[in-house]
Amino acid sequence: MDLNIKVNDKNHLDIGGADACDIVEEFGTPTYVIDENRIRDNYNRFYNAFSKYYPDFKVFYACKANTNLAVMKILESEGCCIDAVSPGEVHISKMLGFSGDRILFTGNNITNDELKFVHDEGAVLNIDSVSALKRLAKIVDPEGLKISFRVNPMVGAGHHDHCITGGVMSKFGIMGLEAVEVYSLAKKLGFTPVGMHSHIGSGILDPEPFKLAIESTMDIAGKVHQEAGIDFEFVDFGGGVGIPYTPDEKLLDLDKFAEINIALFKEKLEEFDMATPTMYLEPGRYLVGDASVLLVSVNSVKESYRKFIGVDAGFHTLLRPAMYDSYHHIVVANRMDAPITQKVDIAGNVCESGDLFARDRLMPDVEENDVLAILNAGAYGFTMSSNYNSRPLASEVLITDGEANLVRERERFEDLYDKQIIPSHLK
């Protein structure tokens, strides 16, 4: 089992050296618990694996996975860069000390105001469409401005259809067939195109789709280099590297993954005489996914037509199981050695039939007031949460060498309406 599960001498779940039950006693539930050292270890493992084979390599954290300020500050301190997909992510990154040249902005269906804002913040613009290129040329001075383009390499992969971002059904990027024309247009408008970006999907544990994406993207880049005269400063192959979620999934052999894909990258550079541009990758899930646990309390054990274990969180707290039918391993944090005895549904507190964290899940006997830990909740967990059913957002706690620090306060009922305004005629 490669799920980063540790147990302390009290038979409680250990999270970064802290006892899960002690965390619940101090901070309550539901609470996301983040292991700082795990994030640092994940980053350095990823960076070292690729830079060993290609030293001119940079990691851009796909911060849409988790924008907690502490998480991003940890990665900033490690020298990581940022893959931002919204002006808000750019703003947060700048506030935390990421300089503009460490932020690559890849937006889609972006407004003129947003283009201007990102430009003014100094982030590198990765353009998604000809429309955005032409509009950008009208609202900023294009002369000499370094930009990049996202291309669709016609390769898609991922754990769910909603997470596949390349191929004929994808809304992202310019077509490979139009790349030479688009890069030439950018030069004609006065821009200096220096990069190419692609992204094929999310949750990938097999090097083969990445090989196809690198081959396709590099063939496009090579043609643009030769026919449009573009000397690339970087080529970005996006993110999507997965983590194990189920007990039978194995950790990705990252060293082999890096060796195989960088060998192909170098081969294509030589084939098209492209010198040595910097290689970018944009991991999100790999850096933070297994570094967080969602702790919840059991408030109901209900025998109905099925057996339901009811907890004090729902898909407003962790959306992935309801939205993607995603598996998250769940353990009884206060009795880690409890034997498996039953098959149950683990249900949330939202008024929706689809509000389930697990269906027909093998579990030990579970009692009211037990603490359940929903594992691998660090990527697309809190960041996709909402106030549906007028439920306040969960708290977040950072564990550093066994010490717990609150890094996001639990919302209050007052927070649900403090930005709303009742017009005078209704008062």
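Residues numbered from 1 in each chain as written. Predicted model: local features only at pLDDT ≥ 70, side-chain atom pairs only at ≥ 80, totals over all residues. Heavy atoms only, no water.

Asker: What exactly am I supposed to notice about the overall build of the chain here?
Answerer: A tally of regular secondary structure across the chain gives 11 helices and 21 strands. Relative to the compact-globule value of 22 Å for 427 residues, the chain shows a C-alpha radius of gyration of 23 Å, a close match. Expressed as a percentage of the 427 residues in the chain, the buried residues total 55%. Partitioning the contacts of the chain with sequence separation of at least 6, the portion at a separation of at least 24 is 70%. Across the chain, the 41 positively charged side chains and the 65 negatively charged ones have centroids separated by 4 Å. (Helix = DSSP H or I, 4+ residues; strand = E, 2+ residues; numbered from the N terminus. Rg over C-alpha atoms; globule rule 2.2 N^0.38 Å. Buried < 20%, exposed > 50% of the residue type's maximum accessible area, 1.4 Å probe, protein only. Contact = heavy atoms within 4.5 Å. Lys, Arg positive; Asp, Glu negative; His and termini not counted. Charge placed at Lys NZ, Arg CZ, Asp CG, Glu CD.)

Asker: Explain the UniProt feature "binding site: substrate" (unreviewed entry) in the chain to me, please; I cannot follow it from the model alone.
Answerer: The positions UniProt marks with the feature "binding site: substrate" (unreviewed entry) are R285, R320, Y324, E352 and Y380. Spatial dispersion of the annotated residues is evident: they stretch over 96 residues in sequence, and the largest pairwise C-alpha distance comes to 27.4 Å. Within the element layout of this structure, R320 appears in helix 11 (residues 320–324). According to the relative accessible area criterion, R320 is buried, its value standing at 2%. Relative to the assigned elements, E352 resides in the loop between strand 17 (342–347) and strand 18 (356–363). Leaving out residues up to four positions away in the same chain, E352 has contacts with F315 and Y388. (UniProt positions renumbered as here; feature names shortened; annotations may be inferred.)

Asker: Just checking my understanding: could you explain the packing of aromatic side chains for this structure?
Answerer: Two aromatic rings, taken as a pair, are described by how far apart their centres are and by the angle between their planes. According to the stated counting rule, one finds 16 aromatic pairs in the structure shown. Residues Y43 and Y47 carry aromatic rings whose centres are separated by 6.1 Å and whose planes lie at 10° to one another, so their mutual orientation is stacked. A residue pair is termed a helical-turn pair when its members lie 3 or 4 positions apart in one helix, as Y43 and Y47 do in helix 2 (residues 36–51) at four residues. The exposure class of Y43 is buried, given its relative accessible area of 4%. Ring centres 5.8 Å apart and planes at 10° place the aromatic pair F315 and Y388 in the stacked group. Of this pair, F315 sits in the loop between strand 15 (307–311) and helix 11 while Y388 is found in the loop between strand 19 (371–374) and strand 20 (395–400), placing the two residues 73 residues apart along the sequence. (Phe/Tyr/Trp six-rings, centres within 6.5 Å; stacked < 30°, edge-to-face > 60°.)

Asker: Explain the pairing of strand 4 (residues 31–35) to me, please; I cannot follow it from the model alone.
Answerer: The side chains of a regular strand alternate between both faces of the sheet. With five of its five residues buried, strand 4 lies for the most part within the structure. Residues T31, V33 and D35 point to one face of strand 4 and Y32 and I34 to the other, with burial holding for every one of them. Bridge analysis of strand 4 against strand 14 (residues 292–303) gives four bridges, and the strand direction is antiparallel. Within strand 14, the residue paired with Y32 across the bridge is L294. Bridge analysis of strand 4 against strand 20 gives five bridges, and the strand direction is parallel. Each bridged residue has a counterpart across the sheet, and for Y32 the counterpart in strand 20 is E396. (Pairing = 2+ DSSP bridges.)

Asker: For this particular structure, what's the right way to read the UniProt feature "active site" (unreviewed entry) in the chain?
Answerer: Under the local residue numbering, the UniProt record ascribes the feature "active site" (unreviewed entry) to C351. Checked against the element boundaries, C351 lands in the loop between strand 17 and strand 18. According to the relative accessible area criterion, C351 is exposed, its value standing at 67%.

Asker: Would you take a moment to explain the sheet that holds strand 2 (residues 13–15) for this structure?
Answerer: Two pairing modes exist for strands in a sheet, parallel and antiparallel, and in both the strands are linked by backbone hydrogen bonds. If you trace the three strands from one edge of the open sheet to the other, you get 1-2-3, paired in antiparallel fashion. At either end of the open sheet lies a strand with only one pairing partner, and these are strand 1 (6–7) and strand 3 (18–19). Bridge count for strand 2 against strand 3 is two bridges, and the pairing is antiparallel. By the bridge assignment, D14 is partnered in strand 3 with D19.

Asker: Help me out: how do you make sense of helix 4 (residues 87–95) in this one?
Answerer: For the α-helix, the turn length of 3.6 residues means that residues three or four positions removed from each other point alike. All buried positions along helix 4 are accounted for by P87, E89, V90 and S93. Seen along its axis, helix 4 keeps its buried residues to an arc of 160°; they face one direction. Against helix 3 (69–77), strand 6 (81–84), strand 7 (103–106) and helix 5 (112–120) lie the buried residues of helix 4. Positive phi appears at G97, one or two residues downstream of helix 4, with a value of about 105°. (Arc of directions from axis to C-beta.)

Asker: Is there a simple way to explain the domain arrangement of the chain in this structure?
Answerer: Where interface size is quoted, it is often the accessible area lost as the parts come together. Taken domain by domain, the chain consists of domain 1 (6–35 + 291–416) and domain 2 (53–284). If you average the C-alpha positions of domain 1 and of domain 2, the two centres end up 34 Å apart. On the domain 2 side, the residues contacting the 18 residues of domain 1 number 17 residues. Together domain 1 and domain 2 conceal approximately 1,500 Å² of surface at their shared face, both sides included; 56% is due to carbon and sulfur atoms. (Domains from an automatic or database assignment. Buried area = accessible area lost by both parts, 1.4 Å probe.)

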